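Observations on chain architecture
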Amino acid sequence: MSCILITGGFGYIGSHTATILSENNKKFVIVDNFSNCKREIVDRLKMCTNDNVAHYECDIRDTKSLVKIIKENKVTSVIHFAALKSVADSIINPLEYYEVNVNGTISLLKAMKTTGVKKFLFSSTAAVYGEPDFCPIDENHKLKPLNPYAQTKIIIENILKDIVKSEINWSIVCLRYFNPIGSHKSGLIGDDPLMAKNSNLMPEIIKVVRGYKNHLDVFGDDYGTPDGTGIRDYIHIMDLSEAHVKALDFIDKNNGINFFNIGTGKGVSVLQLKTAFEKVSGFNLPIKISKRREGDCAICYANPKKANEILKWNSKYDLSQMCQSAWIFVEKNSK
Ligand code: UDP
């Protein structure tokens, strides 16, 4: 039986993807260094999956341990989530981002090379497109990183392109994620990072709901958008997770390297998301308009046609369902 190594499997996207892999009867083993997740995620994921959740506490920069884990578990493919992901933090601490994201991936790829594993699914990001020249963005859009975080993802994509050229039989897919929000239907797992410096919009909304902040800062209302606030392509975390199962099927059947946008294709502004969340939660979210955030673009939404057609993947959930599921996580975890 094949076995999937999931790096960063206890993080937001990793843990939700694990639940879908489990539903699809896929065997997996998780490697995570617990740098940005709570320990209780292990038991919660066990509950979500009715599975033992094989896992190792290990840093991806530890190549020797990775080789051992790959051999012990007869790993046949890898989904690589483990990375630092705060744009703002990457601007302040670029070296840390290059060290963990780039060197960490090189270490993992070395372990794969040593063990002959050549199937690789990589978590990339829409941030690689920077301030887009056009929307919806397709995969051929120029890559114009606005910050070190996006830069690390492009460097890794380039390394992967070179690997495919250097050796036969590699099968690699890079999924460029847009903006995942929401949670698993159980409300047991959600976007629950340890690091306060992660400041994506939905986690910030949740901080206000929980009383950790008394208002939501809206970063700029003077963009060239209908309501002046930034537009993004929010996608339900379960839709995004589902794309990994489809991508793994594709990897099993195709060699080479392929890039796919994973978004809904719909642009939603900060104020539209706020209103949608208020509607499902009944919670009134006070806001303060503040200045634009460094490294932010005005509008960014996907053309997901390539993933729709080639991976046979489509997003299913609408904005209200995304907010509903984010709200379930808050309600079930309000300590
Ligand atoms: N944003 C905001 N307040 C916050 C966090 C985010 O107004 O506290 C805005 C941000 O400027 C952007 C959108 O929400 O227009 C999405 O930001 P996020 O950090 O979630 O995603 P990214 O910018 O990386 O796509």
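The sections below set out a description of the structure shown in this document. Owing to the predicted nature of the structure, the values given are computational and were not obtained by experimental measurement.

**Some points on the sheet that holds strand β9 (residues 231–232)**
A sheet is described by the order of its strands in space; here three strands give the open sequence β12-β9-β14, paired in mixed fashion. If you trace the sheet from one side to the other, it starts and ends with β12 (268–269) and β14 (299–300), each paired once.

**Some remarks on the sheet that holds strand β6 (residues 171–177)**
In a beta sheet, neighbouring strands are held together by backbone hydrogen bonds and run either parallel or antiparallel to one another. Ordered by their spatial adjacency, seven strands build an open sheet running β3-β2-β1-β4-β5-β6-β11, and the pairing between neighbours is parallel. For this open sheet the edge positions go to β3 (55–57) and β11 (256–262), each flanked by a neighbour on one side alone. Ignoring which end each strand starts from, the neighbouring axes of this sheet average 15° apart. In this structure, strand β5 (residues 119–125) lies alongside β6, joined through seven bridges in parallel fashion. Counted as the bridge partner of F120 is I172 from β6.

**Quick look at the packing of helix α1 (residues 12–23) against helix α2 (residues 41–49)**
Packed helices, taken two at a time, are described by the angle between their axes plus the distance between the axes. The interhelical angle for the contact between α1 and α2, taken along N-to-C directions, is 30°, at an axis separation of 9 Å. In this view, α1 runs roughly parallel relative to α2, as classed from their interaxial angle. Here the hand of the crossing between α1 and α2 comes out right-handed. On α2, the residues that touch S15, A18, T19 and S22 of α1 are I41, L45, C48 and T49. Looking at the contact of α1 with α2 residue by residue, the class counts come to four nonpolar, four polar and no charged.

Rules and cut-offs
- Here the residue numbers are simple positions, counted from 1 along each chain's written sequence.
- In view of the model being predicted, local features appear only for residues whose pLDDT reaches at least 70, and side-chain atom pairs are presented and counted only at 80 or more, with totals across whole chains, interfaces and linings using the full set of residues.
- Only hydrogens and water are set aside; all other atoms, that is, all heavy atoms of the structure, feed into the side-chain values.
- The rule for pairing is simple: two strands pair if DSSP sees at least two bridges between them.
- Helical segments are the DSSP runs of H or I of at least four residues, strand segments are the runs of E of at least two, and each set is numbered from the N terminus.
- The axes used here are C-alpha line fits, helices contributing only the stretch in contact, and every angle between their N-to-C directions lies in the interval 0 to 180 degrees.
- Angular relationships are summarised with four words: roughly parallel below 35 degrees, roughly antiparallel beyond 145, roughly perpendicular across 65 to 115, and oblique for the angles in between.
- Crossing handedness is read from the near helix: turned anticlockwise from the far helix by less than a right angle, it gives a left-handed crossing, and turned clockwise, a right-handed one.
- Here a residue-residue contact requires only that any non-hydrogen atoms of the pair lie within 4.5 Å.
- Under the scheme applied, nonpolar residues are Ala, Val, Leu, Ile, Met, Phe, Trp, Tyr, Cys and Pro; charged residues are Asp, Glu, Lys and Arg; polar residues are all the others, including Gly.

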